[in-house]
Protein chains: 2
Amino acid sequence: MKHIDLFAIGLLTAAQSAFAADWQALPSTAPAPRDNPTTAAKVALGSKLFLDPRLSATGTVSCNSCHNVMAGGDDNRPVAMGILGKTGGRSAPTVWNSAFNATQFWDGRAATLEDQAKGPVVADVEMGMHSLDEVVARLAQIPGYQAEFKQVFGGAQPITADNMAKAIAAYERTLITPNSPYDRYVKGDKKALTAQQQRGMQKFAEVGCVACHSGPAFNGQNGASAGAFMKFPAMADSDYVAKYKLTADPGHYNVSKREDDRNTWKVPTLRNVALTAPYFHNGAVPSLDEAVRVMAKTQLGADLNEADSKDIVAFLDALTGEFPTQKMPRLPATAGKSFAF
Amino acid sequence: MKHIDLFAIGLLTAAQSAFAADWQALPSTAPAPRDNPTTAAKVALGSKLFLDPRLSATGTVSCNSCHNVMAGGDDNRPVAMGILGKTGGRSAPTVWNSAFNATQFWDGRAATLEDQAKGPVVADVEMGMHSLDEVVARLAQIPGYQAEFKQVFGGAQPITADNMAKAIAAYERTLITPNSPYDRYVKGDKKALTAQQQRGMQKFAEVGCVACHSGPAFNGQNGASAGAFMKFPAMADSDYVAKYKLTADPGHYNVSKREDDRNTWKVPTLRNVALTAPYFHNGAVPSLDEAVRVMAKTQLGADLNEADSKDIVAFLDALTGEFPTQKMPRLPATAGKSFAF
């Protein structure tokens, strides 16, 4: 994976400060991979699978348990909690606008939403199924899924782990929150942002946040940082590093095993960031204003004053978009027979 | 509480066998108590509270976790699972059509939906909050709930445990599944039931199931059994009793402490029973056909043959109604600050 070091960040920051940032509105649709076109039927199936707790060993945890689409697409917990109260070391990232991520998971260990969807179902501390085969076997016991997979994917054995992942990914590609105050501002409605939010927007660029949080989803998906893993903390000489244990998790190093990648991370979207406290890969920082101070200090060496951090938080509030109305899915029945939960 | 003994059941069964059962369709609305009229705004608030996992100690369990409105209103588990994988001894009853129950919980320890709604949030093995005050304090931290409780209930301190329970109960009163094949049949559409289902309906009456499972929701809410707690197992000399540990839980005795009430239970609705496996208060019986055999034997002393039990199961399938389309609620945000989960 491409990796931008601290020096490069410094250069980019200077450049971004000197020129106007490249502000972009969020697209209202996300492109789908060629082998998984988005269709209404597939999205409908995906929404059921996403919300179905029968995909977990105990029948109590669905994708939605940690990535709550009724909320900010996460669980508002420091670290995600799977079956039987088990926890790992990372905070659930939002599923909203995840279609615009160049890689998935905090450490980028999945390249696509399709790959990502096959992870948590078989993760011991998440949904806890023993294997994808076990997931497939369970889905196959549900007559409604038999019919619906057949309709969407065809073929003799339509229920497969890949097709399950495709349906979930297709649903996730519809989870987009356009028309935030920021988007309306960028499109020309100059009253969409308050004066404070406009100051915050300017400071967000000046301080250098845009060096990584660029592009329509503020997740570095254009320019030099596209798809890159960024060092966090970039400057380890801050009290925040010990306070919030920011170096405890090696991040993308776990995937690449390259020393250069130690403590590097996917740049997370800032869309709807006001809804997804607590913050960072380990969920250690409880509030958005503290998160802004930590980032300024550890990434850019900046000590924000009270007014600046409040302005930036006000701007980040303006990244909360419009959540599409969703119909609550009906999950196909177990048909008079229970699973062995 | 009224209690009907075995002898009375016997008499009632004979009477029901001799005459046509009093078949009733499910009403499309449920009456609300005078102090909690159902309004659209209250129902909307209630649906959010019902689906909000922040009402639990870990932020992972909502009312919907065990009473899944996207499914049969339960969790398809033998016994419910609350926070941290904790379990009690009872299976989650369906929330669908619970508005038509004369009492709530398996053992009838709550008289109303309003009373019921205050139980699980503070039950150690369910949502695990320490007190209703703690629940209220948490809701009060969420600006969107502040505004919405104010709009619905008014007053200086609109967020109270009673108002929370009222909103949840109002939402639950909308969870009604009319127009099952059975309902259409009873209303005159003689083609709504198959020949097998019609045979099953007749046998359901003849065998004596209607003695307890009477009324529009098949939960004994009319005639002699209205609001009564019924002995289960009524006849303890069956192999099923030991096999499924049917006498281990004293049921309503725990509430009344009267020896007469040992192993008596609320008569559960049979509406949508095909969707709510496994069966009985302890969820010990995995399939509906076995549940039918157990009930016939332990309650009515009848050994059903294969054809009879299949016919009755076919009839019970015809009690699956139409689930109203629901909008997925948007949960009000935690607003840039996390709870201490």
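Residues numbered from 1 in each chain as written. Chains lettered and ligands numbered in written order. Predicted model: local features only at pLDDT ≥ 70, side-chain atom pairs only at ≥ 80, totals over all residues. Heavy atoms only, no water.

**With respect to the interface of chain A and chain B**
Quick reminder of the rule: The criterion used for residue contact is that any of the two residues' heavy atoms lie within 4.5 Å. The term buried area denotes the loss of accessible surface (1.4 Å probe radius) that occurs when two parts are joined, taken as the sum for both partners. Should a side-chain nitrogen of Lys or Arg be within 4 Å of a carboxyl oxygen of Asp or Glu, the pair is scored as a salt bridge. Polar contact criterion, stated in full: a pair of N or O atoms within 3.5 Å, where within protein one must be able to donate a hydrogen and the other to accept it, and residues adjacent in sequence count only if both atoms are side-chain atoms. Residues are grouped as follows: Ala, Val, Leu, Ile, Met, Phe, Trp, Tyr, Cys and Pro are nonpolar; Asp, Glu, Lys and Arg are charged; all remaining types, including Gly, are polar.
Contacts between the two partners involve 41 residues from chain A, matched on the other side by 41 residues from chain B. A combined buried area of about 3400 Å² lies between chain A and chain B, and 62% of that area is made up of carbon and sulfur atoms. There are zero salt bridges connecting chain A and chain B. Connecting chain A to chain B are 14 residue pairs in polar contact (both at pLDDT 80 or more). Along the lines of polarity and charge, the residues of the side of chain A that touches chain B split into 23 nonpolar, 13 polar and five charged.

**Remarks on the nonpolar core**
Counted only if it meets this: In this text, buried Ala, Val, Leu, Ile, Met, Phe, Trp, Tyr and Cys residues form a nonpolar core when linked through side-chain atoms within 4.5 Å. Relative accessibility under 20% of the residue-type maximum defines a buried residue, over 50% an exposed one, and the middle range a partly exposed one, all with a 1.4 Å probe and only protein chains included. By the criteria applied, helices consist of DSSP H or I runs no shorter than four residues and strands consist of E runs no shorter than two, each listed in order from the N terminus.
Leu-49 of chain A together with Leu-49 of chain B are the most contacted members of the largest nonpolar core, which totals 76 residues. Of all elements in the fold, only helix H2 (40–51), helix H5 (132–140), helix H6 (143–153) and helix H7 (161–172) of chain A together with helix H2 (40–51), helix H5 (132–140), helix H6 (143–153) and helix H7 (161–172) of chain B reach the threshold of two or more residues within this core. Apart from residues no more than four positions distant in its own chain, Leu-49 of chain A is found in contact with Leu-55, Cys-63, Leu-139, Tyr-145, Phe-149, Met-164, Ala-167 and Ile-168 of chain A. Residues Phe-218, Tyr-240, Val-292 and Ala-302 of chain B belong to the second largest nonpolar core, which totals 39 residues.

**A few points about the domain arrangement of chain A**
All names here are of chain A. Test applied: Here the bounds of each domain stem from an automatic or database domain assignment.
When its domains are assigned, chain A resolves into domain 1 (6–28 + 178–317) and domain 2 (40–172). Its C-alpha centre places domain 1 at a distance of 28 Å from the equivalent point of domain 2. Facing the 26 residues of domain 1 at the interface are 22 residues of domain 2. Taking both partners together, domain 1 and domain 2 bury about 1900 Å²; carbon and sulfur atoms supply 56% of that area. For the interface between domain 1 and domain 2, the tally reads one salt bridge. When the shortest N-O distance is used, the salt bridge between Arg-90 and Asp-249 registers 2.7 Å. Where domain 1 meets domain 2, there are nine residue pairs in polar contact (both at pLDDT 80 or more). Looking at the side of domain 1 that touches domain 2, the elements that each hand over two or more residues are helix H11 (253–256) and strand E2 (264–266).

**Some details on the relation of the copies chain A and chain B**
Stated precisely, the cut-off is as follows: Overlaid copies result from least-squares superposition on C-alpha atoms, with residues included only where pLDDT is at least 70 in both.
Superposing chain A onto chain B requires a rotation of 180° together with a translation of 0.0 Å along the rotation axis, leaving an RMSD of 0.0 Å. Those values place the two copies in the arrangement expected of a two-fold rotation axis. When the interface residues of chain A are mapped onto chain B, 100% of them again fall at the interface, so both copies present the same face.

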